[in-house]
Amino acid sequence: MRHALVNDSRGIVVFGIVRPCTHRLADGLKAEWTAHLCGLCLALRADHGQFSRVVTNYDGLIVSVLTEAQTERTARQRRTAGPCPLRGMRTAPIARGEGARLAASVSLVLASAKIRDHVADGDGLLRRRPLAAAARRVAHGWDRAGARTGAELGFDTAVLVDAVERQQGIEALAGPGTPLLTVTEPTETATAAAFAYTAVLAGRPGNSAPLAEAGRLFGRLAHLLDAVEDQPADAASGAWNPLTATGTSRAEARRLADDAVRGIRSALRDVEFTDGRLAHVLLAHELRVSVDRAFGTTACAHEGQGSGGLPPGFGQQPPPKPGKRGFLAGCAVFVGLCCTCRLCCADEYEGPWSRKKREGCCNWSDGCDCCCEGCDCCDACSCCDCGA
């Protein structure tokens with residue numbers, strides 16, 4: 001739940017893979033998705049101050065989506081937010097309530113963990129002691145803030161902290177032949193806990209088990225895709241990467257990723273939703289697109305040039321990527337993107353931490369025609385009869 005911070009493959013990697021194009025968010029789902037994203041951002045500001053909004057991320061909102069999808073819709077679940085540069089200075093209805101606050105709590109705790117990880121590794125500017133000390137203070141504050149909000153909701157963030165602490169020990173022992181799923185287990189555990197607790201907030205305890213399974217596989221998938229996307233850059237910089245460290249091939253990683261997508265779809269069938277349309281699109285459909293994007297097999301124009309349907313890795317080498325920015329340098333770039341409205345209005349911009357190419361949120365044109373021939377996102381879904 002930390003996509004806005006960094007997107008590397010070391011340590012807890014929970015959120016940062018679901019970035020839907022609006023042609024796949026029909027029938028008002030784009031507005032719903034935006035409402036949850038803005039709701040997470042403003043929940044962070046309301047409970048923890050302006051600076052905490054830096055951990056707003058694309059996937060953390062899924063916690064908010066799942067909570068609302070299990071409850072009866074009421075007018076209190078929305079409020080109109082004022083103009084924001086990231087919405088082109090437009091007002092908008094935003095999600096509010098316990099789901100957004102749970103997403104904020106989890107995002108803060110895991111963002112704190114990543115700061116500590118970067119300090120320990122001496123990444124970028126954090127090699128300097130004064131900056132490392134400042135970053136530790138930020139991490140400590142976010143830890144306490146996330147735990148405080150979690151406690152108010154009845155959610156014990158200790159399970160997340162424990163997963164983070166176990167991750168480094170597991171990585172230190174991992175080597176050739178270590179099962180890749182041993183490395184992804186802490187991520188799976190943390191995400192399972194967050195997903196399952198949405199059922200508690202919604203008053204649907206019967207949904208806890210299938211949502212925990214969906215969350216476990218979502219965490220596995222996020223960790224896998226992050227490792228796949230970052231492997232070339234990690235190799236160039238000498239950074240730790242789970243695929244390289246365990247000797248796992250891209251073909252095996254693809255198999256595990258596809259299995260995770262199928263498992264998430266299967267788990268969702270056992271969840272009782274009041275209105276699960278957005279959750280279904282994000283978790284049953286967009287994850288398949290995310291897998292194709294990570295392995296370079298997408299053929300949708302808005303996802304970049306794909307491989308024309310070739311098997312993963314066939315005749316292709318992933319292009320090298322620029323090194324990631326450190327935490328404080330990324331914060332400075334993030335502020336600049338906000339002040340210049342590039343996060344909102346740019347056709348394309350460079351992610352402040354990951355340095356991956358992103359599309360401005362107001363440039364997702366409605367009714368776009370990017371479903372070109374062979375676009376996987378237009379095929380019939382095998383898990384339902386929705387035709388999407």
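Model, not experiment: these values are computed from the prediction.

1. Comments concerning the nonpolar core
The biggest cluster of nonpolar side chains holds 46 residues, and the ones touching the most others in it are Phe218, Leu221, Leu283 and Leu287. At the level of elements, helix 1 (29-48), helix 2 (61-69), helix 6 (180-202), helix 7 (208-237), helix 9 (250-268) and helix 10 (277-294) are the ones that each hand at least two residues to this core. Considering each element in turn, this core owes the most residues, ten residues, to helix 7. Residues contacting Leu283, with those up to four places away along its chain left out, are Ile62, Leu66, Phe195, Phe218, Ile264 and Leu268.

2. Description of the side chain of Thr297
Residue position: Thr297 is located in the loop between helix 10 and helix 11 (327-339). A polar atom in the side chain of Thr297 sits 3.3 Å from the side chain of Arg254.

3. Some remarks on the packing of helix 6 against helix 7
Contact geometry of helix 6 with helix 7 gives a least axis separation of 6 Å together with a crossing angle of 140°. In terms of their interaxial angle, helix 6 and helix 7 are classed as oblique. Here the hand of the crossing between helix 6 and helix 7 comes out right-handed. Along the lines of polarity and charge, the residues of the contact of helix 6 with helix 7 split into 13 nonpolar, eight polar and three charged.

4. A short note on the pattern of salt bridges
All chains considered together, the criterion is met by 18 salt bridges. One salt bridge in this structure joins Glu252 and Arg255, with 2.7 Å as the shortest N-O distance. Residue Glu252 and its partner Arg255 are located together in helix 9, separated by three residues, close to a single helical turn. You can call Glu252 partly exposed: its relative accessible area is 29%. Residues Asp258 and Arg254 are paired through a salt bridge, measuring 3.2 Å at the closest nitrogen-oxygen approach. Here Arg254 and Asp258 lie together in helix 9, a separation of four residues that amounts to about one turn. Note on Arg254: relative accessible area 12%, which makes it buried.

5. Remarks on the environment of Phe155
The residue Phe155 is located in the loop between helix 4 (129-153) and helix 5 (158-173) in this model. Since its relative accessible area comes to 6%, Phe155 is described here as buried.

6. Let's talk about the packing of helix 5 against helix 6
Helix-helix packing is described using two parameters, namely the angle between the two axes and the distance between the axes. Axis separation between helix 5 and helix 6 bottoms out at 9 Å; the angle between their running directions is 175°. In this view, helix 5 runs roughly antiparallel relative to helix 6, as classed from their interaxial angle. Side by side, helix 5 and helix 6 meet where Val159, Leu160, Ala163, Arg166, Gln167, Ile170 and Glu171 of the first sit next to Thr182, Val183, Glu185, Pro186, Thr187, Thr189, Ala190 and Ala193 of the second. Looking at the contact of helix 5 with helix 6 residue by residue, the class counts come to eight nonpolar, four polar and three charged.

7. Quick notes on a positive patch on the surface
There is a patch of like positive charges on the surface, built from Arg45, Arg76, Arg79 and Arg96. By secondary structure assignment, the location of Arg79 is in strand 1 (residues 78-84).

8. Structural notes on the confidence of the model for the protein chain
Looking at the protein chain as a whole, its pLDDT mean stands at 78, while 76% of the residues score no less than 70. Element-level pLDDT for the protein chain is lowest in helix 12 (residues 342-345), with a mean of 58, against a maximum mean of 96 in helix 9. Per-residue pLDDT stays below 50 along residues 1-15; that stretch engages in 93 contacts with residues further than four places along the chain or on separate chains. Low pLDDT (under 50) marks residues 303-318, which in the prediction has 22 contacts with non-local residues, meaning those over four places away or in another chain.

9. Considering helix 2
Taking burial as the measure, the nine residues of helix 2 include nine buried ones, the bulk of the element. All of the buried residues in helix 2 are Leu61, Ile62, Val63, Ser64, Val65, Leu66, Thr67, Glu68 and Ala69.

Scoring rules and cut-offs
- Residues numbered from 1 in each chain as written.
- Predicted model: local features only at pLDDT ≥ 70, side-chain atom pairs only at ≥ 80, totals over all residues.
- Heavy atoms only, no water.
- Core = buried A, V, L, I, M, F, W, Y, C linked by side-chain atoms within 4.5 Å.
- Buried < 20%, exposed > 50% of the residue type's maximum accessible area, 1.4 Å probe, protein only.
- Helix = DSSP H or I, 4+ residues; strand = E, 2+ residues; numbered from the N terminus.
- Contact = heavy atoms within 4.5 Å.
- Polar contact = N/O pair within 3.5 Å; in protein donor to acceptor, adjacent residues only side chain to side chain.
- Axes fitted to C-alpha atoms, helices over the stretch in contact; angles between N-to-C directions.
- Parallel < 35°, antiparallel > 145°, perpendicular 65-115°, else oblique.
- Left-handed = near helix turned anticlockwise from the far one by under 90°.
- Nonpolar A, V, L, I, M, F, W, Y, C, P; charged D, E, K, R; others polar.
- Salt bridge = Lys/Arg side-chain N within 4 Å of Asp/Glu carboxyl O.
- Patch = residues over 30% accessible without salt bridge, like charges linked within 9 Å, V, L, I, M, F, W, Y side chains within 5 Å.
- Areas by Shrake-Rupley, 256 points an atom, 1.4 Å probe, with all protein chains shown as cover.
- Lys, Arg positive; Asp, Glu negative; His and termini not counted.
- Charge placed at Lys NZ, Arg CZ, Asp CG, Glu CD.
- pLDDT = per-residue confidence, 0-100.

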